[in-house]
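# Secondary and tertiary structure notes
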Amino acid sequence: QVQLVESGGGSVQAGGSLRLSCVVSGSIFSIHTVGWYRQAPGKQRDLVASMSGGGSTNYAESVKGRFTISRDNAQKTVYLQMNSLKPEDTAVYYCRLLVVTTRREYWGQGTQVTVSS
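Values in this document were obtained by computation on a predicted structure and should not be read as measured data. Numbers given to residues run from 1 along each chain, matching the order in which its sequence is written. Reporting of local features is limited, given that this is a predicted model, to residues whose pLDDT is at least 70; pairs of side-chain atoms are given and counted only at 80 or more, and all residues count toward the totals for whole chains, interfaces and linings. The basis for every side-chain value is the complete set of heavy atoms in the structure, and neither hydrogens nor water enter the calculation.

### A few points about the packing of aromatic side chains
What counts, and what does not: Think of it this way: a Phe, Tyr or Trp ring, Trp meaning its six-membered ring, pairs with another when their centres are within 6.5 Å, and the plane angle makes it stacked under 30 degrees, edge-to-face over 60, tilted otherwise. Each ring is checked for a lysine NZ or an arginine CZ that lies within 6 Å of its centre and within 35 degrees of its normal; such an atom marks a charge sitting over the ring.
Applying the stated criterion to the full structure yields one aromatic pair. The ring of Y94 is capped by R45, whose NZ or CZ atom sits 3.6 Å from the centre of that ring. Of note, R45 hangs over the ring of W107, and the distance from its end group to the ring centre comes to 4.7 Å.

### What to know about the layout of surface pockets
The criterion, for reference: The definitions used throughout rest on a 1 Å grid laid over the protein atoms alone, on which a cavity is an enclosed set of points accommodating a 1.4 Å probe that cannot get out and a pocket is an open set flanked by protein within 12 Å on both sides along at least five of seven lines; lining residues are those having an atom within 4 Å of a point. Grid points are joined across faces, edges and corners, and a volume is the space filled by probe spheres set on the points. Each helix corresponds to a stretch of at least 4 residues labelled H or I by DSSP, and each strand to a stretch of at least 2 residues labelled E; elements are numbered beginning at the N terminus.
Roughly 160 Å³ of volume is contained in the largest pocket. Along the wall of the largest pocket there are 13 residues; nearest its centre are R38, A40, K43, D46 and E88. For the lining of the largest pocket, the secondary structure elements donating two or more residues are β4 (33-39) and β5 (46-51). Ranked by residue count, the leading element in the lining of the largest pocket is β5, at three residues.

Note that all results are geometric; they support no functional claim without further evidence.
And the structure:
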């Protein structure tokens, strides 16, 4: 049973920083693609950043230069360092694991990030 548990969300003022963590259990972690998505009220869930098993990264244009995705394969954890936060970054952030062999995806429960101006 694969489970993803996010943590690290919270409330911060504009310009501040947060680091999200996502711990994955029950899976071979290192070869799979991991990513962070976010969903604001009334909007669709969008990609924020992803990282392949080989370390290639992809970022949404709106977060480039401010957010950094990283992973610790030994700890089966993926991180999202968020700097220079803006009110428009306010959303529920979800962690996703994509199993490269089966293309099956798993999601965490989400963590709320609120940025005030």
